[in-house]
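Letter by letter, the chains look like this.
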Amino acid sequence: MTKPVKTRFAPSPTGMLHIGGARTALFSKLYAKHTGGEYVVRIEDTDRERSTQAAVDAIKDGLNWLDLGPDNGQYVFQTSLVEKHTEAAHQMLKNGTAYKCFVAPEELDAMRKEAEERGEMPKYDGRHRDLTPEQIDDLEAKGVPFAVRIKLPLDGSTVWEDAVQGRIEIANTQLDDFVLLRSDGTPTYNLAVVVDDAEMDITHVIRGDDHINNTPKQIHIYEALGLDVPTFAHLPLIHGKDGKKLSKRTGSVDVMHYKDMGYLPASLNNYLMRLGWGMGDKEVISFNEAVEAFELTDVNKGASIFDFDKLDWLNGEYIKQMNNNDLFASVKPFFELDGTPLSEAAADRISKLMDALKPRARRLTDFVDVAQFCLFDGRPGLADAKAEEVLSAGMEHVNGLADALDMQDDWSEASLDGVVKTYIKESGAKFPAVGMPVRVALTGTTQAPSVGAILSALGKEESLKRLGHNIEMER
RNA sequence: GUCCCCAUCGUCUAGAGGCCUAGGACGCCACCCUUUCACGGUGGAAACAGGGGUUCGACUCCCCUUGGGGAUACCA
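Quick summary incoming for the structure in this document. (Residues numbered from 1 in each chain as written. Chains lettered and ligands numbered in written order. Predicted model: local features only at pLDDT ≥ 70, side-chain atom pairs only at ≥ 80, totals over all residues. Heavy atoms only, no water.)

## What to know about the pairing of strand β5 (residues 147-150)
What counts is decided by this rule: Burial here depends on accessible area, computed with a 1.4 Å probe over protein chains only, as a share of the maximum for the residue type. Under 20% is buried, over 50% is exposed, and the range in between is partly exposed. Strands are runs of DSSP state E lasting at least two residues, helices are runs of H or I lasting at least four, and both sets are numbered from the N terminus onward. Think of it this way: DSSP has to see at least two bridges between two strands before they count as a pair.
Here β5 shows two buried faces, one formed by Ala-147 and Arg-149 and the other by Val-148 and Ile-150. Note that strand β4 (residues 98-101) and β5 share four bridges and pair antiparallel. By the bridge assignment for β5, Cys-101 is matched with Ala-147. By the bridge criterion, two bridges tie β5 to strand β8 (residues 179-181) in an arrangement that is antiparallel. Paired with Val-148 across the strands is Leu-181, a residue of β8.

As C-alpha cells, then:
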C-alpha cells in the first residue's frame, strides 16, 4: 500500500523568503494538491545564531502573500523536535552506524588543508572511526570533547531515482564520515532533516538541486535508522541575468519586494511555475489548472533565468482579467504609500478611470503614475516643456471646447467623446490640435488616457475649473 | 582541484526516432488600428553548442569535447 503524499517546504529563518524558495514551496504545494495529499511548512531554526523572529515573520508574510502557507495553517519549528534528533544519534551510536570522534577542530583544518594541497577532495579521514572501547573511555575520562560521526561504507555507491533528475549515483568514496551531533551536543542539518521528515511522514522531499550532494548522506541516515527513504525531487535553480544563482545583484530575491513593485501574487505564482514547468503552449495558468496538470516528472532539469519582461507582461494580463472593484482595492494602497489616505474625490475619479487605465498597466504602480492628475483639485502643473508648448499653441481650442462642454449635462464618457467629436467637426480642426492641449490642461501631461475618459472621471465642475482656470491664466 | 547536475531562438519553453521547412510566449523590428501613450491585429528576424557513433532515418538514443551551473563545514 502507498502512503498518502505529504510534501513540505523547509526554509531556514535567516532572512526573507527567497524567490527560489517561493518556487520550491509552490511546487511542493502543487504536487501535494495534485495527488490529494498534504503540504506543510517546517521552519528550520536549529541554527540559533542566525535564526531570528523577524525572519520567521518575513517568511510567513511572503508565504501568506502568495497563498503558499501550510495546509493546516500550522508552522512546525525544527527546534521543537531536537530531542528526537539526539535520540536518533544515540540510537546510531548504539547500533554501530555512528561513532564518537575526538579530533579537535584545528586538527580537522590541517587535514583539510593537506588534502587540498594534494589536490584531493577535502574530507575527514576517519581516524577515530575504529577507536577501541578503552581508547574511547580514556578520552572521555580526560574530558576531551567529541562529535558524533556517521560510519559510512568505504566503497560501493549510493543510488536513488530522483523524481525530476532521474537516476543519480554517487560513489561512497566521495562521502566522508560527516558529523551528526556537534561537540556541544546539537544536531547538524543532515541529521535533523532526516529525523524530521521521517517523524512528519514526508513522502516527497522537494527542494532545490543544490541539495543533491546532501541526498546520499541523508539516505545513509535513513538506512542506519531503519526508516523508509522518501522520494526526492530536486528542482533546478533559478538564475539571474548573469546566469548565476539568483542574488540581490542580479534581481530581487525577496518575495515581498515583488509585492512592493506592484506585482499580483497570482501572476508571480504563474510566472514561477512556468520556470521549469509548463502546460504546452499555455502561458496564463491558474493555480487550479496547475494543480490539475502538475507532475514532478514534467519538471525540467536545467536552470532557468528570471526574466522581468515576461513577468511584467504576465502581470499585465492578470490586471486585465480583474474586475474593477478588486483592481481598485489592489491599487489603492499604492496611492497611500506615504500614509495619507486617498481623498473621496480622488478615489472616485480613480475608480471611474479603471477601464481606461487597465489596458496600459503592467504593474499596480503604473496606475499611480498615470492617475496623478486625479489626486488634486484645480489646474495641474505642467510636466515638461513639450506640455507647455502644446498648451499655449492650443489655447483657442481649450477655450472653445470648454464652452461646448459647459452646455453638456450628460457627463458619461461616451457622450463626452461625442461632444469632443462634434466640436472638432464644427471647428474644422484636426483631432490632435484639440485633444492634446485639452489633455494637457486637464492632466498636465501629454501622455494620458482618452479625453472623454479624463473628463468623465474628473466630473463637470472640476473639468471646467481646470479648463477655465487655464483660460484665465492665459488672459 | 574533486564530485554531481545541466545544455532547443536573447529569455521562458514545446518536442519522448520519421508529424520539424523545429511550434508557442516574452522581448525586439515592421505595418495596420488609433485621440497622445498604451491595448489589440497582422507579419518578420531569431535556436537544436561541436564532433563522433547507433539507425533506413536523429533535436530526440550512446560516447567524447566544449560551455554553464551547483556542491564540496562540528551552515542550513
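Let us keep going from here.
## Thoughts on unusual backbone geometry
Here the phi dihedral of Asp-67 falls at roughly 60°; this positive angle occurs in a residue that is not glycine. Counting through the fold element by element, Asp-67 comes out in the loop between α2 (53-65) and β3 (75-77). Using a relative accessible area of 56% as the deciding quantity, one classes Asp-67 as exposed.

## Some details on the protein's contact with RNA strand B
Operational definition: Proximity is defined per residue: any heavy atom of the residue falling within 4 Å of a molecule or strand makes that residue near it. Pairs of N or O atoms within 3.5 Å make up the polar contacts considered here, provided that, within protein, one atom can donate a hydrogen while the other can accept it, and that residues adjacent in sequence are counted only when both atoms are side-chain atoms.
Taken together, 60 residues form the shell around RNA strand B, and within it Arg-182, Gly-276, Arg-360, Arg-362 and Ala-448 come nearest. Looking at RNA strand B alone, sugar and phosphate atoms form 72% of those within 4 Å of the protein. For RNA strand B, a sugar or linking oxygen lies 3.1 Å from a polar atom in the side chain of Ser-12. Elements supplying a minimum of two residues to the surface near RNA strand B: α4 (105-117), β5, β12 (304-305), α11 (308-321) and α18 (431-443). The element best represented in the surface near RNA strand B is α11, accounting for five residues.

## Observations regarding the packing of aromatic side chains
We count it as follows: Only Phe, Tyr and Trp rings take part, Trp by its six-membered ring, and two of them pair if their centres are within 6.5 Å. Stacked means planes under 30 degrees apart, edge-to-face means over 60, and tilted covers everything else. Consider the ring centre and the ring normal. A charge sits over the ring if Lys NZ or Arg CZ is within 6 Å of that centre and within 35 degrees of that normal.
Here the structure, examined in full by the defined rule, presents nine aromatic pairs. Ring geometry for Phe-102 and Phe-146: centres 5.4 Å apart, planes at 55°, overall tilted. On the criterion of sequence distance, the pair formed by Phe-102 in the loop between β4 and α4 and Phe-146 in the loop between α5 (133-141) and β5 is long-range, its members being 44 residues apart. Their ring planes at 5° and their centres at 5.8 Å tell us that Tyr-258 and Phe-308 sit as a pair that is stacked. One end of the pair, Tyr-258, is in helix α8 (residues 255-260); the other, Phe-308, is in helix α11, and 50 residues separate them in sequence. Ring pairs connect the aromatic residues Tyr-258, Tyr-263, Tyr-271, Phe-306 and Phe-308, which therefore count as one cluster. The ring of Tyr-75 has Lys-60 sitting right over it, with the charged end atom 4.9 Å from the ring centre. Note that Lys-217 overlies the ring of Phe-178, its terminal NZ or CZ placed 5.4 Å from the centroid.

## Concerning the environment of Phe-102
Rules: Residues count as neighbours in contact if any of their non-hydrogen atoms are within 4.5 Å of one another.
Classification of Phe-102 as buried rests on a relative accessible area of 6%. Other than its neighbours up to four places away in sequence, Phe-102 contacts His-128, Leu-131, Ile-136, Leu-139, Glu-140, Val-144, Pro-145 and Phe-146.

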